[in-house]
Amino acid sequence: MPPTAGARPRALVIGAGITGALVAWRLQRAGWQVTILEAAYVGAGSSSRTAAGIRQQFSTPETVVGMRFSVDFYRRFCEEVGGTDVPIVQNGYLFLHADEEAWQGARARVAMQRHFGLAEVEDLDVSALVQRFSWVDRHAVLGGTFCPSDGFLHPETVYNEAIAAARRLGATLHVASPVTRTEHVGDRIVALHTPQGRFEADLVVDCTNAFDAALQGQLGFTPLPIAPLKRYLWFVQRDGSVFSGELGTRAFASMPLVIAPSGAYCRPENAESLLCGWAHEARPEPGFGYDDQDRVEPEFFHKTGTDTVGYQTWATLAEVIPGIGEFAGITATTCGYYATTPDHNPFLDRDPAIQNLIRAVGFSGHGAMFGPFSALVVEALAREGRPDHLAVLDRDIPLTAFRIGRAFGHESMVI
Ligand SMILES: Cc1cc2nc3c(=O)[nH]c(=O)nc-3n(C[C@H](O)[C@H](O)[C@H](O)COP(=O)(O)OP(=O)(O)OC[C@H]3O[C@@H](n4cnc5c(N)ncnc54)[C@H](O)[C@@H]3O)c2cc1C
């Protein structure tokens, strides 16, 4: 339902992470009367446990364009949303490749990404690569793709400032307000219930991401294939000769987010600490609770021993960046949940069974970067029903890749 003159239609946003905060801000600005219902507190989910990388180097055109929008938005965040801290650090993303087939695939992706407007992405053969990034071991890789406008985010700035901006525009926030029940008339939700009270709705937006796996059954939403998977981060203390002195300090501070051929990744967290991560086999935990988010299993905890996954992650990264092998040690292990879908694309769509419910969930480890684009799509869905296409920057992109009920083919897998 598009907002009309007179009384504002009421939108209820469930969840106050990056997605809910940006959706609330955008809908309130577009003329809706937004109420945010958050079960715990702002940033209580994955948004405060994230590596917060943001890249436009994707394998599908709509995501390349969508993430170009997100990067542009985050760069203009203070003008658009407010606050004084720009939440994006544009150190770039560097994908390293050691296998010929993977390297050729990466080069083909660069051509596609350029075609879809990512002019600044480059494929660097090994000589060009080590000339640019002298800390990469030239014998360990064939080449790399680098996009200087990629980087990483300060997630707390995003959700805190977006919530504050939404409230300045007139939105209402209720924390400690878990949605426990829906009230329907026909195929529409007319109200949501929380222990704090009943909230009437013209539109509901589900922004609960990994929590949705449990919530969808409880609230009668259409079941979506979302697997909450535990993911870890480790923080390694900077030390050693390669990144020492003034030059080394500068090289460390400007280091891009690097993805090693093994899939492990790292980036500077601050002047003294390297954030590292690596996906591992994990069983889905659809019934996880808030405390489980920070539960570190012994085989992932750096204090359990040097044969744990954090040390393996550090070691595989040191195979391509030998200088970090000299670092002093792991000082912290943190974790949270990915909300993984079969093709690693989120669901940004209307619920097929509930006419006034929009689902913006299943971000599969990309929800921080998707935030601005997700909010843009939600605004279009709220305004237009279920558009097939959306004008994003200089392109008109299909929204079918984000639809509920799409086929999950090998070719649609997002990498
Ligand atoms: C280790 C790790 C690394 C990651 N790295 C990256 C990365 O590099 N780049 C990237 O883009 N993404 C990354 N992600 C993923 C990213 O963090 C998430 O996709 C993103 O934060 C999701 O934001 P969200 O607002 O959709 O969900 P969340 O931040 O999880 O927020 C959902 C909110 O819903 C609330 N909620 C739940 N149930 C209810 C209810 N019944 N009623 C009301 N409220 C409810 C929760 O309390 C929570 O605040 C990573 C995640 C992890 C764990």
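Residues numbered from 1 in each chain as written. Predicted model: local features only at pLDDT ≥ 70, side-chain atom pairs only at ≥ 80, totals over all residues. Heavy atoms only, no water.

1. Things to note about the sheet that holds strand 10 (residues 181-185)
Okay, step 1: With antiparallel pairing, the three strands of this open sheet are ordered in space as 10-11-12. The open sheet has two free edges, formed respectively by strand 10 and strand 12 (197-200), since each of these has just one partner strand. The sheet shows a mean angle of 25 degrees between the axes of neighbouring strands, taken without regard to direction.
Okay, step 2: With five bridges joining them, strand 10 and strand 11 (residues 188-194) adopt antiparallel strand pairing. Counted as the bridge partner of Thr182 is Leu192 from strand 11. (Pairing = 2+ DSSP bridges. Helix = DSSP H or I, 4+ residues; strand = E, 2+ residues; numbered from the N terminus. Axes fitted to C-alpha atoms, helices over the stretch in contact; angles between N-to-C directions.)

2. Things to note about the domain arrangement of the protein
Okay, step 1: Splitting the protein by domain gives domain 1 (10-52 + 155-226 + 343-412) and domain 2 (90-148 + 228-340).
Okay, step 2: Its C-alpha centre places domain 1 at a distance of 29 Å from the equivalent point of domain 2.
Okay, step 3: Across the contact, 24 residues belong to domain 1 and 20 residues belong to domain 2.
Okay, step 4: For the pair domain 1 and domain 2, the two sides together bury roughly 1,700 Å², of which 57% comes from carbon and sulfur.
Okay, step 5: The three residues of domain 1 that bury the most area against domain 2 are Arg49, Ala51 and Phe211, which together make up 36% of that side's buried surface. (Domains from an automatic or database assignment. Contact = heavy atoms within 4.5 Å. Buried area = accessible area lost by both parts, 1.4 Å probe.)

3. Here we look at the environment of Thr331
Okay, step 1: Summarising the element assignment, Thr331 is placed in strand 18 (residues 329-340).
Okay, step 2: The exposure class of Thr331 is partly exposed, given its relative accessible area of 46%.
Okay, step 3: On a C-alpha basis, the gap between Thr331 and Gln237 in space is 6.5 Å, while along the polypeptide they are 94 residues apart.
Okay, step 4: Those residues in contact with Thr331 that sit more than four places away from it in its chain are Phe235, Gln237 and His302. (Buried < 20%, exposed > 50% of the residue type's maximum accessible area, 1.4 Å probe, protein only.)

4. Concerning the packing of helix 1 (residues 18-29) against helix 6 (residues 155-168)
When two helices pack together, their arrangement is given by the angle between the helix axes and the distance between those axes.
Okay, step 1: Where helix 1 contacts helix 6, the two axes come as close as 8 Å, and the packing angle between them is 30 degrees. In terms of their interaxial angle, helix 1 and helix 6 are classed as roughly parallel. Taken as a pair, helix 1 and helix 6 cross one another with a handedness that is left-handed. Contacts between helix 1 and helix 6 involve Ile18, Ala21, Leu22, Ala24, Trp25 and Gln28 from the former and Pro155, Val158, Tyr159, Ala162, Ile163, Ala165 and Ala166 from the latter. (Parallel < 35°, antiparallel > 145°, perpendicular 65-115°, else oblique. Left-handed = near helix turned anticlockwise from the far one by under 90°.)

5. Concerning the site of the ligand
Okay, step 1: Lining the immediate surroundings of the ligand are 39 residues, of which Thr19, Glu38, Ser47, Gly53 and Tyr290 lie closest.
Okay, step 2: Note that a nitrogen atom of the ligand is positioned 3.0 Å from one of the backbone N or O atoms of Ala39.
Okay, step 3: Note that an oxygen atom of the ligand is positioned 3.4 Å from one of the backbone N or O atoms of Ala52.
Okay, step 4: The set of elements that each furnish at least two residues to the shell around the ligand consists of helix 1, strand 14 (227-237), strand 18 and helix 10 (367-384).
Okay, step 5: Here the shell around the ligand is built from residues that sort into 21 nonpolar, 15 polar and three charged. (Near = heavy atom within 4 Å. Polar contact = N/O pair within 3.5 Å; in protein donor to acceptor, adjacent residues only side chain to side chain. Nonpolar A, V, L, I, M, F, W, Y, C, P; charged D, E, K, R; others polar.)

6. Concerning the pattern of salt bridges
Okay, step 1: With the rule as written, the count across this model stands at 27 salt bridges.
Okay, step 2: A salt bridge links Glu183 to Arg198, with the nearest nitrogen and oxygen atoms 2.9 Å apart. Of this pair, Glu183 sits in strand 10 while Arg198 sits in strand 12, placing them 15 residues apart in sequence.
Okay, step 3: Taking the relative accessible area as the measure of exposure, Glu183 reaches 24% and is therefore partly exposed.
Okay, step 4: The exposure class of Arg198 is partly exposed, given its relative accessible area of 43%.
Okay, step 5: Linked through salt bridges whose partners overlap, the residues forming this network are Arg10, Glu183, Arg198, Glu200 and Asp202. (Salt bridge = Lys/Arg side-chain N within 4 Å of Asp/Glu carboxyl O.)

7. Description of helix 6
Okay, step 1: Between its terminal C-alpha atoms helix 6 stretches 20 Å, which fits the 20 Å expected from 14 residues at 1.5 Å a residue.
Okay, step 2: Within the sequence span of helix 6, burial applies to Pro155, Thr157, Val158, Tyr159, Ala162, Ile163, Ala165 and Ala166.
Okay, step 3: Where helix 6 is buried, its residues meet helix 1, strand 2 (33-37), helix 2 (61-75), helix 3 (77-80), strand 8 (151-153) and strand 9 (172-174).
Okay, step 4: Taken from the residues just after helix 6, Gly170 is the one with a positive phi, measuring 120 degrees. (Expected span 1.5 Å × (residues − 1).)

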